[in-house]
Amino acid sequence: MSTIALPDVQPVPSGPARKGLSPWQKWGLILLAPYVVVFLVFVLYPVGYGLWLARHPASYEKLFDVPIFARSVINTIVFVVVGINLKMIVALVLSGFFVQARTWIKWLSLLFILPWAVPSIPTILSIRFMLNPEWGLINSLIFRLTGEDGPNWLNDPTLALSIAMLVHIWKSLPFWTLILVAGRLAIPAEHYEAASVDGATQWQKFRFITWPSMRTLYLTCTILSMIWTMGDFNSVYLLTGGGPADLTHVLATLGIRYLRLDEVDMSMAAIVMALPAVLPLVYFMMKRLSK
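Residues numbered from 1 in each chain as written. Predicted model: local features only at pLDDT ≥ 70, side-chain atom pairs only at ≥ 80, totals over all residues. Heavy atoms only, no water.

## Some points on the packing of helix α3 (residues 67-98) against helix α12 (residues 251-260)
Between α3 and α12, the least distance of the axes is 8 Å, while the angle of their chain directions is 145 degrees. Seen from α3, the contacting residues are I68, F69, S72, V73 and T76; seen from α12, they are L251, L254 and R257. Taken together, the residues of the contact of α3 with α12 sort by class into 5 nonpolar, 2 polar and 1 charged. (Axes fitted to C-alpha atoms, helices over the stretch in contact; angles between N-to-C directions. Helix = DSSP H or I, 4+ residues; strand = E, 2+ residues; numbered from the N terminus. Contact = heavy atoms within 4.5 Å. Nonpolar A, V, L, I, M, F, W, Y, C, P; charged D, E, K, R; others polar.)

What follows is the structure in C-alpha cells.
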C-alpha cells in the first residue's frame, strides 16, 4: 500500500502576542497629544477648579439672600426665552429672503453679515456711546428735530434690558440666518416645482415643504443658541454694565460682578446656578444630533 508524504508543518509559537504600537499609531498619539493637553489645561482644569470653588453650601445661601440674584435669574429667563425665540423667528423669515438668487440681494447679504463679523467690543461700545443722554448721536438727532431732550435710554431697567436683547439679536442674527439659508438650499428644487404645478401658495410651500425639511435644523439651532446665550455676557456687560442699580444683570454678568469684587466663590456659585438649565439643553441637543 502506497503512502502520501505530507509537507513538514512548522509549529506555531505558543508565546504571548506581539505587543507594541505601529509607527502610524505612534504618530497618531503624538499628533493628538497637543489637543489633549489644550483640553486638559483650558477646559477640564478651569471647569473642575470652578466647581471646586463653588463647592461650599454657604456660598449659595449667601447668594440666595442677595436681591440681585433673583432679579438676575428673571432677567436671564426673559433674555433667553424672548430674545432667542425672536431672533430665530426673524432668522427663519430672513433666510427665505436671502435665499433668492438676485444680484442685489447678494450684495445686501454682505452688509447684513457685518454685525456678526465685526468684534463685539467696538460695536457694542459704539452703540452705548450713541445712547448717551447728553452727547449721544440719537439724543442729538432728537433734539435737532424736535427741540426736546431725548430719554435716558440706559437708566430704565426694562428699557435697558430690552435694548441689550436687541443688540444681542442684531449681533448674532446674521450667523443663524446663514445657517438656515444653508438648510433651505439643501431642499431639492423639484419639490417646489411640483408644488407650483399643483397650484400651491407660498404659505403652503413653507408649511408642507420648507418647515418639515428644516424643523430639526431650526430646533437644533435654537437649543445651541440658548446654550451660547446663557454664557454670553457681552451684550449686557458692555452696554449697561449691569446697571442701573444692578437691575439688568444676567447670571453671566453677575458672576463677573462678584469676580470684580474679589468674591470668587460667589462668582463661581452664580455661574454654576446656570448649569441646571444648560445641561438638559446639551443632553437634548446631543440626543437630537445622534438620531
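## Here we look at the confidence of the model for the protein chain
Overall, the prediction assigns the protein chain a mean pLDDT of 85, with 92% of residues at 70 or greater. Averaged pLDDT values over the elements of the protein chain bottom out at 79 in helix α14 (residues 275-289) and peak at 92 in helix α8 (residues 157-185). (pLDDT = per-residue confidence, 0-100.)

## Points about unusual backbone geometry
The peptide bond linking G243 to P244 adopts the cis configuration, its omega dihedral lying at 0 degrees. Mapped onto the secondary structure, P244 falls in the loop between α11 (234-239) and α12. For D246, which is not glycine, the phi dihedral falls at a positive 60 degrees. By the element assignment, D246 lies in the loop between α11 and α12. With a phi angle near 65 degrees, D262 is a residue other than glycine that sits in the positive phi range. With respect to the helices and strands, D262 occurs in the loop between α12 and α13 (264-272).

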